[in-house]
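Chain and residue survey
Each chain, written out:
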Amino acid sequence: MFRKSVVFILVIMSILTAFPAAAGGSIASMQQKQKQIENQINEIRKKAEELKGQQKSVQQEIDALDSEIRALTLEVESYELQKEEINMKISESEQKIEQLNKDIDNNNTILEDRLRVMYKNGTAGYMEVILNAENLVDALTRMDMIQLIVQSDVELLKSITEQKVQVEALKEEQEIERLELTAVINNLNAKHNEITVASRSKEIYMSSLQKDIKEMQRQEAAMEEQSKQIERDILAAQRAVEYAGGELLWPLPGYYTITSHFGGRADPITGVWSSHGGTDIRAPYGTPILSANDGVVIFSGWHYSYGNYVIVDHGGGIATLYAHASKLLVSKGQAVLKGDPVALVGSTGYSTGNHLHLEVRVNGVRKDAETYYKKQ
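Residues numbered from 1 in each chain as written. Predicted model: local features only at pLDDT ≥ 70, side-chain atom pairs only at ≥ 80, totals over all residues. Heavy atoms only, no water.

What follows concerns the overall build of the protein. Looking only at helices and strands, one finds 4 helices and 15 strands in the protein. Expressed as a percentage of its 376 residues, the buried residues of the protein come to 35%. If you take every contact in the protein between residues at least 6 apart in sequence, the share linking residues at least 24 apart comes to 71%. Roughly 22000 Å² of accessible area belongs to the protein as shown, and the carbon and sulfur atoms make up 55% of that amount. (Helix = DSSP H or I, 4+ residues; strand = E, 2+ residues; numbered from the N terminus. Buried < 20%, exposed > 50% of the residue type's maximum accessible area, 1.4 Å probe, protein only. Contact = heavy atoms within 4.5 Å. Areas by Shrake-Rupley, 256 points an atom, 1.4 Å probe, with all protein chains shown as cover.)

Okay, here's the thing in structure tokens:
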């Protein structure tokens, strides 16, 4: 959705930039065009903020995925170590089984040789051993020894066989555990790969978001420059317009006390001698400030020194400025008639009390307002 919005905005911007503001036209049409561009700039900024929010969210997802990847890597390494230990145990079991098989084979060979001799000689061999005894006790002892030898061989074979069975069973258990660990490791590796792919995909998307944001910022800067050019064209067109005519109307009918004249004066706050670029007229808070003549509002806003202030262009390069207002009643680009309220008296900005700071500017240069006004 964001990508569609970006494309839509870029298309609109390409249409707007297709015809430069300097192409001319009436002040009203230029102001309308400027308003359209400002609306588009606001829309771009809004979408850019949304993209930045999404960028932040995607980055958090990437960080979470990378953290999960690190955890999975450690887990896989742990299981690999366990698997290696089991492999070593299986190898030891195989060696033990091999040795047991050798022992069984050796004992089988000895027992088989003994049985073969017994088979060939029958009982003669053992009878000879018994008959060669010195006495009856010796004969009985020899018979017991023969029985013990045969019984020992059989029990040894049985013991080795049982041990072999146990070791083989242990080996089978270890093999099963090894296979289970292999399956776990394979699953972890598969998940690791899946998360890695997701993380890389997020990074690619993040890169595209960054490109979109940079492109929108570039387009915003271009449109702001176009808006400024239109503003310069409007000012030039307004200066080219003939003066509205007639004498300037006193902006505060009934209030004529001038507390600070145009020119040099001691600053009312710091006491330092400075140049005062306007005329200060005392009036109660909230008194309507009237436009001195017909014209167009070319500024309505805030300044740290002027506070709330308005500038009205009257054509012929003549403009009036009304500062320190408690409230602004007009907006930039608005046409006003002589005597229309444009603001209310206040004490905003760099001010010591309720009054109107009035300026008359000719081609941007401040002039003494008292030489231009007729008190009524």
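Ordered in space as β6-β12-β10, the 3 strands form an open sheet in which the pairing is antiparallel. Both outer strands of the open sheet, β6 (288-290) and β10 (327-328), are each paired with one neighbouring strand and no more. As defined by bridge partners, β6 adjoins strand β12 (residues 341-344) across 3 bridges and the pair is classed as antiparallel. By the bridge assignment, P288 is partnered in β12 with L344. (Pairing = 2+ DSSP bridges.)

So, about unusual backbone geometry. With phi around 70°, H324 is a residue other than glycine that occupies positive phi space. Here H324 is to be found in strand β9 (residues 318-325). Taking relative accessible area as the criterion, H324 reaches 5% and is therefore assigned buried.

Relative to strand β5 (residues 279-282), strand β2 (residues 258-260) runs antiparallel, the two sharing 2 bridges. Across the sheet, S260 pairs through a bridge with D280, a residue of β5.

Let us look at the environment of Y350. Secondary-structure assignment places Y350 in the loop between β12 and β13 (355-362). A C-alpha to C-alpha distance of 6.3 Å links Y350 and Y306, two positions 44 residues apart in sequence.

To continue, consider the nonpolar core. Of all hydrophobic cores here, the largest spans 24 residues; its most connected members are L252, I289, V310, V312, Y322, V342 and L356. The biggest single contributor to this core is β13, with 4 residues. Dropping the residues within four chain positions of it, I289 is found in contact with P251, L252, Y322, D340, P341, V342, A343, L344, V345 and L356. M30, I44, V58 and M216 belong to the second-largest nonpolar core, a separate cluster that totals 14 residues. (Core = buried A, V, L, I, M, F, W, Y, C linked by side-chain atoms within 4.5 Å.)

Moving on to the packing of aromatic side chains. Per the stated rule, a full pass over the model turns up 3 aromatic pairs. For the ring pair W250 and Y256, a centre distance of 5.7 Å and an interplane angle of 40° mean the geometry is tilted. A relative accessible area of 3% places W250 in the buried class. Ring geometry for Y306 versus Y309: centroids 4.9 Å apart, planes at 45°, classification tilted. When sorted by exposure, Y306 lands in the same class as Y309, which is buried. (Phe/Tyr/Trp six-rings, centres within 6.5 Å; stacked < 30°, edge-to-face > 60°.)

The share of residues in the protein with pLDDT of 70 or more is 70%, and the mean pLDDT across the chain is 75. A low-confidence stretch, residues 1-24 (pLDDT under 50), is modelled with 33 contacts involving residues beyond four sequence positions or located in other chains. Across residues 268-273 the pLDDT falls below 50, and counting only partners more than four positions away or on other chains, this stretch makes 11 contacts in the model. (pLDDT = per-residue confidence, 0-100.)

Right, let's talk about the pattern of salt bridges for a bit. Within this structure, the stated rule accounts for 9 salt bridges. Residues R218 and E215 are paired through a salt bridge, measuring 2.8 Å at the closest nitrogen-oxygen approach. Separated by 3 residues within a single helix, R218 and E215 lie in helix α4 (residues 136-240), roughly one turn from each other. You can call E215 partly exposed: its relative accessible area is 25%. Salt-bridge contacts for E359 lead to R366; the nearest nitrogen and oxygen are separated by 3.5 Å. We classify E359 as buried; its relative accessible area is 1%. Linked through salt bridges whose partners overlap, the residues forming this network are R45, E220 and E224. (Salt bridge = Lys/Arg side-chain N within 4 Å of Asp/Glu carboxyl O.)

With that out of the way, let us pick up the pairing of strand β7 (residues 295-303). Judged from the 2 bridges that link them, β7 and strand β11 (residues 335-336) form a sheet pairing that is antiparallel. Pairing of G295 across the sheet is with V336, part of β11. Where β7 lies against strand β8 (residues 307-313), 7 bridges are found, and the strand directions are antiparallel. Note on β8: the bridge partner recorded for G301 is Y309.

A few words on the environment of S300. With respect to the secondary-structure elements, S300 resides in strand β7. In this structure the C-alpha to C-alpha distance between S300 and I311, which are 11 residues apart in sequence, comes to 6.6 Å. Ignoring anything within four residues of it in the chain, the contact list for S300 reads Y309, V310, L328, V330, S331 and K332. Polar side-chain contacts of S300 include one of 2.7 Å to the backbone oxygen of V330. (Polar contact = N/O pair within 3.5 Å; in protein donor to acceptor, adjacent residues only side chain to side chain.)

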